[in-house]
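Each chain, written out:
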Amino acid sequence: MGVDNRQIQTAVLADPESDDPVVCPTEPDDLDEFREELSGITFWCGVLLGGCGGQLLTRRGNVRVSHFAHFPDPDGLLPQCGRRSRGVASADHLYVRAATQTWLRGQGHTPRYRYLGGDDAPVGSLVEIELGGHKLLLHMDSTEPPDWDAAETGDIILGPGVRVDDYTLARRGYVNRVRFASEGNQRVMVLGTELPHMGTDWDFELADCTVDGQGRLITPVVTRLRAARAAEGQSPLPRPRREQEEGPVQIGALTRLINTAVRTKEFGAVRQLRDTAELQVPRCEGQALEHLQHAIDHANDWIDQQDHARRRLFADLDEAVRHGHVFEVSTLIPEIRKFLLRDNVTAPQETDILDAADTFLRKARRHAAQKRREEDERRAAATREREARHAAHAEEQKRRHAAQVQEREAPLVTQAQERKARNRARGQVQSITGRLRREELSTAQQEQLVEELVLAAKEAGDLLTTAEQRKVEEWAERLSSSAGGQEESETTSPAAQPQQDTITDPAQLPAHLVPAAAAVRGALKKAARERTTTSWNRLEHQLGSALPSLSNNERVQVLVRIDHSTAGDEPVLSSLLAAGDPNFTYQYYRDVLYALGLDAPDDDEDLRDVVKADVEQVFTDWRLR
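Cut-offs used in this document
Residues numbered from 1 in each chain as written. Predicted model: local features only at pLDDT ≥ 70, side-chain atom pairs only at ≥ 80, totals over all residues. Heavy atoms only, no water. Salt bridge = Lys/Arg side-chain N within 4 Å of Asp/Glu carboxyl O. Helix = DSSP H or I, 4+ residues; strand = E, 2+ residues; numbered from the N terminus. Buried < 20%, exposed > 50% of the residue type's maximum accessible area, 1.4 Å probe, protein only. Pairing = 2+ DSSP bridges. Axes fitted to C-alpha atoms, helices over the stretch in contact; angles between N-to-C directions. Contact = heavy atoms within 4.5 Å. Parallel < 35°, antiparallel > 145°, perpendicular 65-115°, else oblique. Nonpolar A, V, L, I, M, F, W, Y, C, P; charged D, E, K, R; others polar.

(A) Just the pattern of salt bridges, in detail. In this structure the tally under the stated criterion is 25 salt bridges. Taking the shortest distance from any N to any O, the salt bridge between Arg-389 and Glu-385 comes out at 3.3 Å. Here the residue Arg-389 and the residue Glu-385 both occupy positions in helix H9 (residues 348-438), the gap between them amounting to four residues, near one helical turn. Owing to a relative accessible area of 47%, Arg-389 belongs among the partly exposed residues under this scheme. Linked by salt bridges that have partners in common, Asp-29, Asp-32 and Arg-60 make up one network.

Here it is, written out as structure tokens:
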């Protein structure tokens, strides 16, 4: 997830278009109270703050101060936001309404607020309060000079850092100002009045101020100033002094004003004071004339320097526009505007150059923004294409890996299948030889079984023991001899041969072992369905009193009774017990197989393989029973 490091300190409440501002507390404990107080209210990077309109969250600061931050998008990225001002003062233009609305309504006004900006000035640089045909204009941007002489401007109030030249201040007599101070998570507006050569008096409350019928803001300082002017107009006119006494005092003050204006670079004041001084030259003589002329020359030299610098700036700007040099134009315009703060009188040609530069810069910025959008789209398309290639490559790698795994595993699977088939074929060999030995079959039946026996032996291959392979060969030779012309008889047929083996007669099973045989058979059937092997100890624990303690000979008799009725082509259930009870298998299971007329390999390893093959067949046959 992305981390917003922009430390936004102001936001608006409830909606991106809102003009209801709020300041984020910087201390963690204060932020906790702030969250509780505004629980359920959303915070936004408001458009009236110059923001993107996105929703904000509060981030509790542990190392840095607490602040607002943008919500990341679903991919964890932060939204694009062109907001330039993020400190506590960035919402001061919105606090104008919060501070003045109730105050103005209390005086009978119905204020309407507009937050204005420009191409280069952020929204809220000018706050316009309309009061029934009159306006209060609050200039909040120190880089934009007020237009003091524009018609129907209204009463101009200067925001923090907005300068006024000495000449304008002297001509107007006063200028009202506004500033803001933080109180908790709010900003409080304070009014003041600046007087020439006296600075700004902030020592009064908003409730002490009014707006008169002409839409002028009247502070206590303005009230005192008007009263003083009225008193001066009613007092007796002073007796005129003689010219020779009046001259030196006026000329000295005028000289000091010219030098001060040059030092503070107040271009308009220097021009007017110089013009005034030139009118006073005929009245002066002697040392006063010398001082006055020196001040005039100093002012003219400075004005010439400024005019030369001004002409050079405008010439450079005009050339940069004609040659399409965006960087030079964007650099020169702020310099010229800064220059015009000191001298707001412009010639028509200069106005045309500045307007052309503004138009050129706006077009260049739109073109640059379009190029940025196209570049962003190109990068996004390239990113999507790259991601698609990576996804396709990953899918191909995955497919290749699966193919390689399948290729590696295929021989193993084939080998396992072949081994299983051979084990099954070996079990089939054992089953067929058992049938041939213990069943009375016709010659046709014998021939069919021997053919199956030969095919099964061929499939089993080297899994057959030597004894098993020898029995297959013997039965094949007997069938061949029988096919050569020998008549079918009970004494010479292959079916008579198994009768020579001694088979335990199930009818001779002692009576007390019959219930035990039934219980063991049921347990072995259950194990076959569950695909598990068992042992005598497990059967005794499982069957309890149904299975009394048996000797090994009795165990053999029980298993013979259980599998005596098993069809010749079916595996014996007793193989499950032989697989789970190795000690019984190697010592007594051969007796079971012999009694059933089945082959029992002499080698223990071969016997284990036979048991394993029989168990697989039992599991297969009993799977759906």
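(B) Region of the structure containing the pairing of strand E9 (residues 155-158). Of the two faces of E9, both are covered, the one formed by Asp-155 and Ile-157 as well as the one formed by Ile-156 and Leu-158. Sheet analysis places strand E8 (residues 134-139) next to E9, joined by four bridges and oriented parallel. In the sheet register, Leu-137 faces E9, and the bridge partner there is Ile-156. Alignment of E9 against strand E10 (residues 175-183), held across two bridges, turns out to be parallel. When the sheet's bridge partners are listed, Leu-158 is paired in E10 with Arg-177.

(C) Geometry of the sheet that holds strand E6 (residues 112-116). Spatial ordering of the open sheet is given by E6-E7-E8-E9-E10-E11-E12, a layout of seven strands whose pairing is mixed. In this open sheet, the two edge strands, each paired with only one partner strand, are E6 and strand E12 (199-201). Put simply, the sheet's adjacent strands are angled 30° from each other on average, direction ignored.

(D) Layout of the sheet that holds strand E1 (residues 10-13). With respect to topology, five strands assemble into an open sheet ordered E2-E1-E3-E4-E5, the strand pairing being antiparallel. Here the strands that pair on one side only, and so sit at the sheet edges, are strand E2 (21-23) and strand E5 (67-70). Looking at chain direction, strand E3 (residues 43-44) and strand E4 (residues 55-59) are connected through two bridges and run antiparallel. The partner of Trp-44 across the bridge, within E4, is Gln-55. Against the sheet, helix H1 (residues 28-37) makes contact with E2, E3, E4 and E5, and its axis sits at roughly 140° relative to E4, the strand it touches most.

(E) Local environment of the packing of helix H12 (residues 514-529) against helix H13 (residues 536-543). It is the contact of H12 with H13, at a shortest axis distance of 11 Å, that shows an interaxial angle of 105°. Viewed along their axes, H12 and H13 adopt a mutual orientation that is roughly perpendicular. Each of Ala-519, Val-520, Ala-523 and Lys-526 in H12 lies in contact with H13, whose residues at this interface are Trp-536, Leu-539, Gln-542 and Leu-543. Its residues placed into classes, the contact of H12 with H13 shows six nonpolar, one polar and one charged.

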